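The primary structure of each chain is shown beneath.
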Amino acid sequence: ASDRTPVLSPPQNYFPVLPFGAGADGLPQWIPVASNNPLDGGHAGITRALVIIHDTSRDANAALGTIAGLAGTENATTMIVAPQFLQDTDITRFASALPEHGKNIVRWPLDGWVFGGESIASTSQKPISSYTTMDLLLLYLGDTKTFPDLQHVIVTGHGAGADFVQRYAAVGQAPDLLAEDKKTVRFVMANA
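Residues numbered from 1 in each chain as written. Predicted model: local features only at pLDDT ≥ 70, side-chain atom pairs only at ≥ 80, totals over all residues. Heavy atoms only, no water.

Caption draft 1: Inspection of the nonpolar core at higher detail. Phe-15, Leu-138, Leu-141 and Phe-164 are the most contacted members of the largest nonpolar core, which totals 35 residues. Counting only elements with at least two residues in this core, the list comes to β1 (13-17), β2 (29-35), β3 (48-53), β4 (78-83), α3 (130-141), β5 (152-158), α4 (160-171) and α5 (174-180). Looking at which element gives the most residues to this core, the answer is α3, with seven residues. Every residue in contact with Phe-15, bar those within four places of it in the chain, is listed here: Gln-29, Trp-30, Ile-31, Val-33, Leu-39, Leu-136, Leu-137 and Tyr-140. (Core = buried A, V, L, I, M, F, W, Y, C linked by side-chain atoms within 4.5 Å. Buried < 20%, exposed > 50% of the residue type's maximum accessible area, 1.4 Å probe, protein only. Helix = DSSP H or I, 4+ residues; strand = E, 2+ residues; numbered from the N terminus. Contact = heavy atoms within 4.5 Å.)

Caption draft 2: Quick look at unusual backbone geometry. Located in the positive-phi region is His-101, a residue other than glycine, with phi close to 55 degrees. Of note, Lys-182 is a non-glycine position whose phi angle comes to about 65 degrees, a positive value. Structurally, Lys-182 is set in the loop between α5 and β6 (184-190).

Caption draft 3: Structural detail: the packing of aromatic side chains. The tally for this structure, following the rule as stated, stands at 10 aromatic pairs. Ring centres 5.2 Å apart and planes at 65 degrees place the aromatic pair Phe-85 and Trp-108 in the edge-to-face group. Here Phe-85 is found in the loop between β4 and α2 (88-94), whereas its partner Trp-108 is found in the loop between α2 and α3, with 23 residues between them in sequence. The exposure class of Trp-108 is buried, given its relative accessible area of 0%. Plain terms: the ring middles of Phe-85 and Phe-164 are 5.3 Å apart, the flat faces sit at 40 degrees to each other, and that makes the pair tilted. Residue Phe-85 is located in the loop between β4 and α2, and its partner Phe-164 is located in helix α4; the two are separated by 79 residues in the primary sequence. Three or more aromatic residues joined by ring pairs make a cluster, and in this case those are Phe-85, Trp-108, Trp-113, Tyr-131, Phe-164, Tyr-168 and Phe-187. (Phe/Tyr/Trp six-rings, centres within 6.5 Å; stacked < 30°, edge-to-face > 60°.)

Caption draft 4: Focus on the pattern of salt bridges. The tally for this structure, following the rule as stated, stands at five salt bridges. When the shortest N-O distance is used, the salt bridge between Asp-90 and Arg-93 registers 2.9 Å. Taken together, the positions of Asp-90 and Arg-93, both in helix α2 and three residues apart, correspond to about one turn of that helix. A residue is classified by how much of its surface remains accessible, and Asp-90, at 0% relative accessible area, is buried. With its nearest N and O atoms 3.2 Å apart, the salt bridge here joins Asp-181 to Lys-183. Under the relative-accessibility criterion, Asp-181 is labelled partly exposed at 39%. Because the salt bridges share partners, they merge into one network encompassing Arg-58, Asp-90 and Arg-93. (Salt bridge = Lys/Arg side-chain N within 4 Å of Asp/Glu carboxyl O.)

As structure tokens, this is what we get:
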């Protein structure tokens, strides 16, 4: 495997992630996330969430742009989120554009994110799997305080993103928790 096409730029939103069992003293890592609506604040009126997983280009902004363009007027009631699973080389490339030069940005070894692999952690942090990262993002979207009207979640991906989605559908924990809360979760893969 190679580095493949580099991302053009990281998104400017960040979502905090901690591995399960990190403890109260654990330092969060941050994953860049492109989205059609701000991540924070109340989201009354949002009835559907769509999480798009990029391919090996790792370009979350492009993935968001494609889906948001297709959504058209549905953007008003749909939260579209595109997490960006960066590699260590991306952190080096974009250090000057990242908070604290990327010190606390979660990163994976070469294509390790596709298979649910553990992140590369600094000495003060614990590694986190890309599937746990997805679980945390879905649990956030399922939070009724932030998304009181959310009913449906779709997780989709293309190429390596579809590989990720296919595997995550088999082992992810958050979809079952959302289903218990009467939220439907669907998985759509293209060209895995």
